[in-house]
Amino acid sequence: MTGTGTVRTGPPGVLARRPGRVPPRVADAALAAALFLLTLGPGRVADSTGFALQTALVLPLVWRRRAPRSAFAVIAAAALAQWLLGVQLPADAALLVALGTVTARAPYRSAWAAGLVAVAGAVLAAARWAPEGRFLASAAAMTAAVAASALLGANTRIRRAARAERLARLERDRDERERRAVEEERARIARELHDSVTHGLSVVVALADALGHARPADASAVTARIAETGRQALTDMRRALVLLQDDGTDSGADAGPGDDRRSPPGIGQLGALCERMEAAGLVTRLRVDGEAAGVPAAAQLTVHRLVQESLTNVLRHAPQGTRAEVRVSCAPGAVTVEVTDDGRAGGTGWTGSAGSGLGLTGMRERAAAFGGVLEAGPRPGDGWRVFVRLDPGGAS
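The rules behind the values
Residues numbered from 1 in each chain as written. Predicted model: local features only at pLDDT ≥ 70, side-chain atom pairs only at ≥ 80, totals over all residues. Heavy atoms only, no water. Core = buried A, V, L, I, M, F, W, Y, C linked by side-chain atoms within 4.5 Å. Buried < 20%, exposed > 50% of the residue type's maximum accessible area, 1.4 Å probe, protein only. Helix = DSSP H or I, 4+ residues; strand = E, 2+ residues; numbered from the N terminus. Contact = heavy atoms within 4.5 Å. Axes fitted to C-alpha atoms, helices over the stretch in contact; angles between N-to-C directions. Parallel < 35°, antiparallel > 145°, perpendicular 65-115°, else oblique. Left-handed = near helix turned anticlockwise from the far one by under 90°.

Asks: Even after reading the chapter, I still don't get the nonpolar core, so can you show me in this structure?
Replies: Generally speaking, nonpolar side chains in soluble globular proteins are found buried as a group. In this structure, Val303, Val307, Leu311 and Val328 are the most contacted members of the largest nonpolar core, which totals 36 residues. Among the elements of the structure, helix H6 (135-211), helix H8 (270-279), helix H9 (297-317), strand S2 (323-331), strand S3 (334-341), helix H10 (358-369) and strand S5 (384-390) are those that each provide at least two residues to this core. Top element by residues in this core is H9. It accounts for seven residues. With residues up to four places along the chain from it excluded, the contact list for valine 328 reads Ile267, Leu270, Arg287, Val288, Asp289, Val303, Val335 and Thr336. Counting 25 residues, the second-largest nonpolar core is a separate cluster that includes Phe36, Ala76, Leu99 and Val146.

Here it is, written out as C-alpha coordinates:
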(Lines give C-alpha, C1' and ligand atoms only; values in the text may rest on other atoms or scores of the structure.)
Protein backbone atom coordinates (compact mmCIF):
# COMPACT_ATOMS: atom_id res chain seq x y z
CA MET A 1 0.00 0.00 0.00
CA THR A 2 1.31 3.42 -0.89
CA GLY A 3 0.71 6.27 1.51
CA THR A 4 2.06 9.68 2.32
CA GLY A 5 5.75 9.52 2.98
CA THR A 6 6.07 5.84 2.08
CA VAL A 7 6.80 3.95 -1.10
CA ARG A 8 6.38 0.30 -1.99
CA THR A 9 9.83 -1.28 -2.37
CA GLY A 10 8.80 -4.80 -3.31
CA PRO A 11 5.91 -7.22 -3.68
CA PRO A 12 2.98 -7.32 -1.23
CA GLY A 13 4.17 -8.12 2.27
CA VAL A 14 7.43 -6.14 1.92
CA LEU A 15 7.50 -3.27 4.35
CA ALA A 16 7.50 0.26 2.99
CA ARG A 17 10.64 2.36 3.21
CA ARG A 18 10.58 6.02 4.11
CA PRO A 19 12.27 8.27 1.58
CA GLY A 20 15.51 9.82 2.88
CA ARG A 21 16.20 6.91 5.22
CA VAL A 22 19.77 5.54 5.22
CA PRO A 23 19.91 2.23 3.27
CA PRO A 24 20.31 -0.77 5.62
CA ARG A 25 23.58 -1.89 4.04
CA VAL A 26 25.14 1.55 4.55
CA ALA A 27 23.91 1.67 8.15
CA ASP A 28 25.34 -1.80 8.86
CA ALA A 29 28.68 -0.86 7.29
CA ALA A 30 28.81 2.24 9.46
CA LEU A 31 28.01 0.15 12.57
CA ALA A 32 30.80 -2.32 11.74
CA ALA A 33 33.29 0.49 11.14
CA ALA A 34 32.35 2.25 14.39
CA LEU A 35 32.63 -0.96 16.43
CA PHE A 36 35.97 -1.77 14.79
CA LEU A 37 37.43 1.64 15.61
CA LEU A 38 36.04 1.77 19.16
CA THR A 39 37.55 -1.61 20.04
CA LEU A 40 40.84 -0.97 18.24
CA GLY A 41 43.64 0.65 20.21
CA PRO A 42 46.81 0.24 22.23
CA GLY A 43 46.70 -2.88 24.37
CA ARG A 44 43.65 -4.26 22.65
CA VAL A 45 45.05 -5.67 19.40
CA ALA A 46 48.70 -6.57 19.98
CA ASP A 47 49.71 -8.24 16.71
CA SER A 48 48.55 -9.31 13.27
CA THR A 49 46.64 -12.28 14.72
CA GLY A 50 44.64 -9.99 16.95
CA PHE A 51 44.00 -7.64 14.03
CA ALA A 52 42.77 -10.54 11.89
CA LEU A 53 40.48 -11.76 14.68
CA GLN A 54 39.22 -8.20 15.19
CA THR A 55 38.35 -7.98 11.50
CA ALA A 56 36.70 -11.42 11.46
CA LEU A 57 34.54 -10.47 14.46
CA VAL A 58 33.33 -7.13 13.07
CA LEU A 59 33.28 -7.38 9.28
CA PRO A 60 30.33 -9.85 9.00
CA LEU A 61 28.05 -7.19 10.55
CA VAL A 62 27.99 -5.54 7.12
CA TRP A 63 25.63 -8.28 5.82
CA ARG A 64 23.93 -9.09 9.13
CA ARG A 65 20.44 -8.15 7.84
CA ARG A 66 20.80 -9.71 4.41
CA ALA A 67 22.16 -13.02 5.76
CA PRO A 68 21.73 -12.98 9.57
CA ARG A 69 22.49 -16.67 10.16
CA SER A 70 25.64 -16.64 8.02
CA ALA A 71 26.91 -13.47 9.70
CA PHE A 72 26.30 -14.96 13.16
CA ALA A 73 28.02 -18.22 12.20
CA VAL A 74 31.16 -16.41 10.96
CA ILE A 75 31.33 -14.20 14.06
CA ALA A 76 30.80 -17.23 16.35
CA ALA A 77 33.57 -19.10 14.56
CA ALA A 78 35.91 -16.12 14.95
CA ALA A 79 35.03 -15.92 18.66
CA LEU A 80 35.79 -19.62 19.09
CA ALA A 81 39.15 -19.18 17.36
CA GLN A 82 39.84 -16.23 19.64
CA TRP A 83 39.01 -18.36 22.70
CA LEU A 84 41.24 -21.20 21.51
CA LEU A 85 44.16 -18.78 20.92
CA GLY A 86 43.58 -17.10 24.27
CA VAL A 87 43.20 -13.63 22.73
CA GLN A 88 40.66 -11.49 24.59
CA LEU A 89 39.11 -8.72 22.45
CA PRO A 90 36.37 -6.19 23.19
CA ALA A 91 35.08 -6.76 19.65
CA ASP A 92 33.28 -9.81 21.09
CA ALA A 93 30.34 -7.41 21.41
CA ALA A 94 29.75 -8.05 17.70
CA LEU A 95 28.40 -11.48 18.69
CA LEU A 96 25.62 -9.82 20.71
CA VAL A 97 24.70 -7.60 17.76
CA ALA A 98 24.59 -10.62 15.44
CA LEU A 99 22.46 -12.56 17.96
CA GLY A 100 19.91 -9.74 18.12
CA THR A 101 19.69 -9.68 14.33
CA VAL A 102 19.14 -13.46 14.14
CA THR A 103 16.42 -13.24 16.80
CA ALA A 104 14.71 -10.41 14.90
CA ARG A 105 14.93 -11.81 11.38
CA ALA A 106 15.68 -15.53 11.23
CA PRO A 107 13.23 -18.40 11.87
CA TYR A 108 12.56 -19.21 15.53
CA ARG A 109 14.53 -22.47 15.40
CA SER A 110 17.63 -20.62 14.19
CA ALA A 111 17.11 -17.94 16.85
CA TRP A 112 17.02 -20.56 19.63
CA ALA A 113 20.14 -22.27 18.25
CA ALA A 114 22.02 -18.96 18.07
CA GLY A 115 20.96 -18.15 21.64
CA LEU A 116 22.32 -21.47 22.93
CA VAL A 117 25.60 -20.92 21.09
CA ALA A 118 25.91 -17.43 22.58
CA VAL A 119 25.21 -18.73 26.12
CA ALA A 120 27.81 -21.48 25.67
CA GLY A 121 30.29 -18.85 24.51
CA ALA A 122 29.56 -16.72 27.56
CA VAL A 123 30.21 -19.66 29.89
CA LEU A 124 33.45 -20.56 28.09
CA ALA A 125 34.63 -16.96 28.19
CA ALA A 126 33.90 -16.70 31.91
CA ALA A 127 35.71 -19.98 32.56
CA ARG A 128 38.83 -18.71 30.79
CA TRP A 129 39.04 -15.05 31.61
CA ALA A 130 37.03 -14.48 34.81
CA PRO A 131 39.11 -13.34 37.83
CA GLU A 132 39.83 -15.90 40.52
CA GLY A 133 36.65 -16.76 42.39
CA ARG A 134 34.46 -14.65 40.05
CA PHE A 135 33.41 -17.32 37.55
CA LEU A 136 29.72 -17.42 38.52
CA ALA A 137 29.36 -13.64 38.61
CA SER A 138 31.11 -13.25 35.24
CA ALA A 139 29.07 -16.06 33.64
CA ALA A 140 25.85 -14.58 35.00
CA ALA A 141 26.71 -11.10 33.74
CA MET A 142 27.62 -12.28 30.23
CA THR A 143 24.55 -14.55 30.08
CA ALA A 144 22.39 -11.58 31.07
CA ALA A 145 23.93 -9.60 28.20
CA VAL A 146 23.11 -12.46 25.83
CA ALA A 147 19.51 -12.58 27.11
CA ALA A 148 19.15 -8.79 26.76
CA SER A 149 20.37 -8.93 23.15
CA ALA A 150 17.94 -11.75 22.36
CA LEU A 151 15.04 -9.86 23.96
CA LEU A 152 15.83 -6.71 21.96
CA GLY A 153 15.81 -8.79 18.79
CA ALA A 154 12.52 -10.44 19.72
CA ASN A 155 11.00 -7.03 20.42
CA THR A 156 12.13 -5.83 16.99
CA ARG A 157 10.56 -8.93 15.40
CA ILE A 158 7.26 -8.28 17.17
CA ARG A 159 7.20 -4.61 16.13
CA ARG A 160 8.02 -5.46 12.51
CA ALA A 161 5.30 -8.12 12.45
CA ALA A 162 2.79 -5.68 13.93
CA ARG A 163 3.70 -3.07 11.35
CA ALA A 164 3.39 -5.59 8.54
CA GLU A 165 -0.03 -6.61 9.88
CA ARG A 166 -1.14 -2.97 10.02
CA LEU A 167 -0.06 -2.46 6.41
CA ALA A 168 -1.84 -5.66 5.35
CA ARG A 169 -4.98 -4.59 7.21
CA LEU A 170 -4.89 -1.17 5.55
CA GLU A 171 -4.58 -2.85 2.16
CA ARG A 172 -7.48 -5.18 2.96
CA ASP A 173 -9.59 -2.24 4.11
CA ARG A 174 -8.73 -0.33 0.95
CA ASP A 175 -9.65 -3.32 -1.23
CA GLU A 176 -12.89 -3.77 0.69
CA ARG A 177 -13.80 -0.09 0.24
CA GLU A 178 -13.08 -0.34 -3.47
CA ARG A 179 -15.17 -3.52 -3.74
CA ARG A 180 -18.10 -1.88 -1.94
CA ALA A 181 -17.81 1.21 -4.13
CA VAL A 182 -17.98 -0.98 -7.25
CA GLU A 183 -21.02 -2.85 -5.91
CA GLU A 184 -22.78 0.39 -4.99
CA GLU A 185 -22.06 1.82 -8.44
CA ARG A 186 -23.43 -1.31 -10.10
CA ALA A 187 -26.57 -1.11 -7.96
CA ARG A 188 -26.97 2.56 -8.83
CA ILE A 189 -26.64 1.83 -12.55
CA ALA A 190 -29.12 -1.04 -12.30
CA ARG A 191 -31.59 1.14 -10.38
CA GLU A 192 -31.41 4.03 -12.84
CA LEU A 193 -31.77 1.83 -15.89
CA HIS A 194 -34.54 -0.19 -14.25
CA ASP A 195 -36.53 2.95 -13.50
CA SER A 196 -36.05 4.39 -17.00
CA VAL A 197 -36.55 1.26 -19.07
CA THR A 198 -39.30 -0.41 -17.04
CA HIS A 199 -41.48 2.69 -17.07
CA GLY A 200 -41.09 3.26 -20.81
CA LEU A 201 -41.71 -0.36 -21.73
CA SER A 202 -44.73 -0.63 -19.43
CA VAL A 203 -46.34 2.38 -21.08
CA VAL A 204 -45.50 1.08 -24.57
CA VAL A 205 -47.01 -2.33 -23.75
CA ALA A 206 -50.18 -0.73 -22.38
CA LEU A 207 -50.51 1.45 -25.47
CA ALA A 208 -49.89 -1.52 -27.75
CA ASP A 209 -52.66 -3.46 -25.98
CA ALA A 210 -54.97 -0.48 -26.43
CA LEU A 211 -54.08 -0.27 -30.11
CA GLY A 212 -55.71 -3.65 -30.72
CA HIS A 213 -59.03 -2.31 -29.45
CA ALA A 214 -58.79 1.21 -30.83
CA ARG A 215 -61.00 2.53 -33.60
CA PRO A 216 -59.27 3.11 -36.93
CA ALA A 217 -59.65 6.86 -36.44
CA ASP A 218 -57.77 6.64 -33.11
CA ALA A 219 -55.14 4.11 -34.20
CA SER A 220 -52.79 6.73 -35.65
CA ALA A 221 -52.95 8.75 -32.44
CA VAL A 222 -52.14 5.68 -30.31
CA THR A 223 -49.29 4.77 -32.67
CA ALA A 224 -47.89 8.29 -32.42
CA ARG A 225 -48.13 8.07 -28.63
CA ILE A 226 -46.21 4.75 -28.68
CA ALA A 227 -43.44 6.32 -30.77
CA GLU A 228 -43.34 9.37 -28.50
CA THR A 229 -43.14 7.20 -25.39
CA GLY A 230 -40.36 5.10 -26.93
CA ARG A 231 -38.35 8.20 -27.77
CA GLN A 232 -38.91 9.55 -24.30
CA ALA A 233 -37.72 6.25 -22.77
CA LEU A 234 -34.55 6.38 -24.87
CA THR A 235 -33.97 9.99 -23.83
CA ASP A 236 -34.46 9.11 -20.16
CA MET A 237 -32.05 6.20 -20.48
CA ARG A 238 -29.41 8.42 -22.11
CA ARG A 239 -29.89 10.98 -19.37
CA ALA A 240 -29.45 8.28 -16.75
CA LEU A 241 -26.21 7.12 -18.34
CA VAL A 242 -24.91 10.69 -18.54
CA LEU A 243 -25.79 11.27 -14.90
CA LEU A 244 -24.00 8.06 -13.93
CA GLN A 245 -20.89 9.11 -15.86
CA ASP A 246 -20.97 12.55 -14.24
CA ASP A 247 -21.65 11.04 -10.78
CA GLY A 248 -25.03 12.73 -10.69
CA THR A 249 -23.55 16.24 -10.47
CA ASP A 250 -24.28 17.52 -13.98
CA SER A 251 -26.42 20.59 -13.72
CA GLY A 252 -26.97 20.94 -17.44
CA ALA A 253 -25.90 24.58 -17.37
CA ASP A 254 -23.96 24.25 -20.62
CA ALA A 255 -26.44 22.03 -22.44
CA GLY A 256 -28.18 23.05 -25.59
CA PRO A 257 -31.90 22.73 -26.26
CA GLY A 258 -31.53 19.31 -27.89
CA ASP A 259 -28.77 17.97 -25.64
CA ASP A 260 -29.38 14.96 -23.42
CA ARG A 261 -27.10 16.52 -20.80
CA ARG A 262 -29.79 18.98 -19.70
CA SER A 263 -31.11 18.90 -16.14
CA PRO A 264 -32.46 15.55 -14.94
CA PRO A 265 -36.22 15.12 -14.55
CA GLY A 266 -37.64 16.57 -11.39
CA ILE A 267 -40.90 17.73 -9.83
CA GLY A 268 -41.62 20.04 -12.77
CA GLN A 269 -41.78 17.06 -15.13
CA LEU A 270 -44.35 15.13 -13.07
CA GLY A 271 -47.16 16.63 -15.16
CA ALA A 272 -45.73 15.17 -18.38
CA LEU A 273 -45.23 11.86 -16.58
CA CYS A 274 -48.86 11.75 -15.52
CA GLU A 275 -49.96 12.60 -19.06
CA ARG A 276 -48.01 9.63 -20.40
CA MET A 277 -49.62 7.38 -17.81
CA GLU A 278 -53.08 8.64 -18.79
CA ALA A 279 -52.31 7.97 -22.43
CA ALA A 280 -51.43 4.39 -21.42
CA GLY A 281 -54.81 3.97 -19.74
CA LEU A 282 -54.13 4.95 -16.11
CA VAL A 283 -56.16 7.97 -15.10
CA THR A 284 -53.81 10.02 -12.92
CA ARG A 285 -54.35 13.19 -10.91
CA LEU A 286 -51.43 15.30 -9.76
CA ARG A 287 -51.29 17.81 -6.93
CA VAL A 288 -48.11 19.71 -6.01
CA ASP A 289 -48.13 21.98 -2.96
CA GLY A 290 -45.35 24.41 -2.15
CA GLU A 291 -42.44 25.71 -4.18
CA ALA A 292 -40.33 23.05 -5.86
CA ALA A 293 -37.64 25.56 -6.84
CA GLY A 294 -36.01 25.33 -3.43
CA VAL A 295 -35.64 21.53 -3.57
CA PRO A 296 -32.16 20.35 -4.72
CA ALA A 297 -31.95 18.71 -8.15
CA ALA A 298 -30.87 15.37 -6.68
CA ALA A 299 -33.91 15.31 -4.37
CA GLN A 300 -36.21 16.28 -7.24
CA LEU A 301 -34.82 13.41 -9.31
CA THR A 302 -35.55 11.06 -6.39
CA VAL A 303 -39.15 12.36 -6.15
CA HIS A 304 -39.62 11.89 -9.89
CA ARG A 305 -38.26 8.34 -9.80
CA LEU A 306 -40.40 7.41 -6.78
CA VAL A 307 -43.55 8.65 -8.49
CA GLN A 308 -42.54 7.06 -11.79
CA GLU A 309 -41.90 3.66 -10.22
CA SER A 310 -45.11 3.79 -8.17
CA LEU A 311 -47.28 4.67 -11.19
CA THR A 312 -45.52 2.09 -13.35
CA ASN A 313 -46.32 -0.62 -10.82
CA VAL A 314 -49.95 0.51 -10.64
CA LEU A 315 -50.12 0.30 -14.42
CA ARG A 316 -48.60 -3.19 -14.42
CA HIS A 317 -50.44 -4.75 -11.50
CA ALA A 318 -53.72 -2.89 -10.85
CA PRO A 319 -56.91 -3.89 -12.71
CA GLN A 320 -58.12 -1.94 -15.72
CA GLY A 321 -59.97 1.24 -14.87
CA THR A 322 -57.85 1.99 -11.80
CA ARG A 323 -57.36 5.64 -10.94
CA ALA A 324 -54.20 6.98 -9.32
CA GLU A 325 -53.49 10.15 -7.40
CA VAL A 326 -50.09 11.76 -6.81
CA ARG A 327 -49.56 14.32 -4.06
CA VAL A 328 -46.25 16.11 -3.57
CA SER A 329 -45.76 18.62 -0.80
CA CYS A 330 -42.67 20.86 -0.73
CA ALA A 331 -41.95 22.54 2.59
CA PRO A 332 -38.75 24.03 4.04
CA GLY A 333 -36.53 21.08 4.97
CA ALA A 334 -38.93 18.35 3.86
CA VAL A 335 -40.65 16.89 0.80
CA THR A 336 -43.48 14.39 1.13
CA VAL A 337 -44.64 12.10 -1.67
CA GLU A 338 -47.85 10.08 -1.64
CA VAL A 339 -49.10 7.90 -4.49
CA THR A 340 -52.43 6.12 -4.07
CA ASP A 341 -54.72 4.13 -6.33
CA ASP A 342 -58.24 2.74 -6.00
CA GLY A 343 -57.53 -0.70 -7.45
CA ARG A 344 -58.67 -3.76 -5.58
CA ALA A 345 -56.01 -4.80 -3.03
CA GLY A 346 -57.28 -8.12 -1.73
CA GLY A 347 -53.78 -9.58 -1.71
CA THR A 348 -53.27 -8.82 -5.42
CA GLY A 349 -51.55 -5.45 -5.03
CA TRP A 350 -47.96 -5.08 -6.16
CA THR A 351 -45.31 -5.95 -3.59
CA GLY A 352 -42.15 -5.01 -5.39
CA SER A 353 -41.04 -8.63 -5.24
CA ALA A 354 -41.94 -9.55 -8.79
CA GLY A 355 -39.51 -9.46 -11.64
CA SER A 356 -36.00 -8.36 -10.80
CA GLY A 357 -36.91 -7.22 -7.33
CA LEU A 358 -35.35 -3.81 -8.00
CA GLY A 359 -38.63 -1.86 -7.80
CA LEU A 360 -39.45 -1.57 -4.12
CA THR A 361 -35.84 -2.19 -3.08
CA GLY A 362 -34.61 0.63 -5.29
CA MET A 363 -37.33 2.94 -3.98
CA ARG A 364 -36.32 2.23 -0.39
CA GLU A 365 -32.67 2.95 -1.21
CA ARG A 366 -33.56 6.21 -2.92
CA ALA A 367 -35.63 7.30 0.06
CA ALA A 368 -32.93 6.29 2.54
CA ALA A 369 -30.40 8.45 0.67
CA PHE A 370 -32.41 11.48 1.83
CA GLY A 371 -33.20 10.26 5.33
CA GLY A 372 -36.63 8.92 4.36
CA VAL A 373 -38.41 5.66 5.16
CA LEU A 374 -40.69 4.26 2.48
CA GLU A 375 -44.14 3.04 3.46
CA ALA A 376 -45.89 0.82 0.92
CA GLY A 377 -48.94 -1.32 1.45
CA PRO A 378 -52.66 -1.82 0.79
CA ARG A 379 -55.13 0.88 1.75
CA PRO A 380 -58.14 0.14 3.92
CA GLY A 381 -60.72 -1.19 1.53
CA ASP A 382 -59.34 -1.08 -2.00
CA GLY A 383 -56.13 0.18 -3.53
CA TRP A 384 -52.50 0.67 -2.70
CA ARG A 385 -50.54 3.48 -1.05
CA VAL A 386 -46.90 4.57 -1.24
CA PHE A 387 -45.71 7.31 1.12
CA VAL A 388 -42.32 8.77 1.90
CA ARG A 389 -41.02 11.90 3.57
CA LEU A 390 -37.62 13.12 2.35
CA ASP A 391 -35.11 15.38 4.05
CA PRO A 392 -33.28 17.08 1.13
CA GLY A 393 -30.71 18.55 3.49
CA GLY A 394 -29.83 15.15 5.00
CA ALA A 395 -28.57 13.35 1.90
CA SER A 396 -26.05 10.68 2.78
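Asks: Whenever I open this one, the side chain of glutamine 300 confuses me. Can you help?
Replies: Checked against the element boundaries, glutamine 300 lands in helix H9. Judged by its relative accessible area of 14%, glutamine 300 falls in the buried class. When near neighbours in sequence (up to four residues on either side) are disregarded, glutamine 300 contacts Pro265, Gly266, Ile267, Gly268, Ala292 and Val295.

Asks: How should I be thinking about the packing of helix H1 (residues 24-38) against helix H2 (residues 48-58) in this particular structure?
Replies: The axes of two packed helices give the description: the angle between them and the distance between them. Following both chains from N to C, one finds H1 and H2 inclined at 150 degrees, their axes separated by 10 Å at the closest point. Taken together, the axes of H1 and H2 lie roughly antiparallel to each other. Pair H1 / H2 crosses with right-handed handedness. Facing H1, whose interface residues are Ala32, Leu35 and Phe36, H2 presents Phe51, Gln54, Thr55 and Val58.

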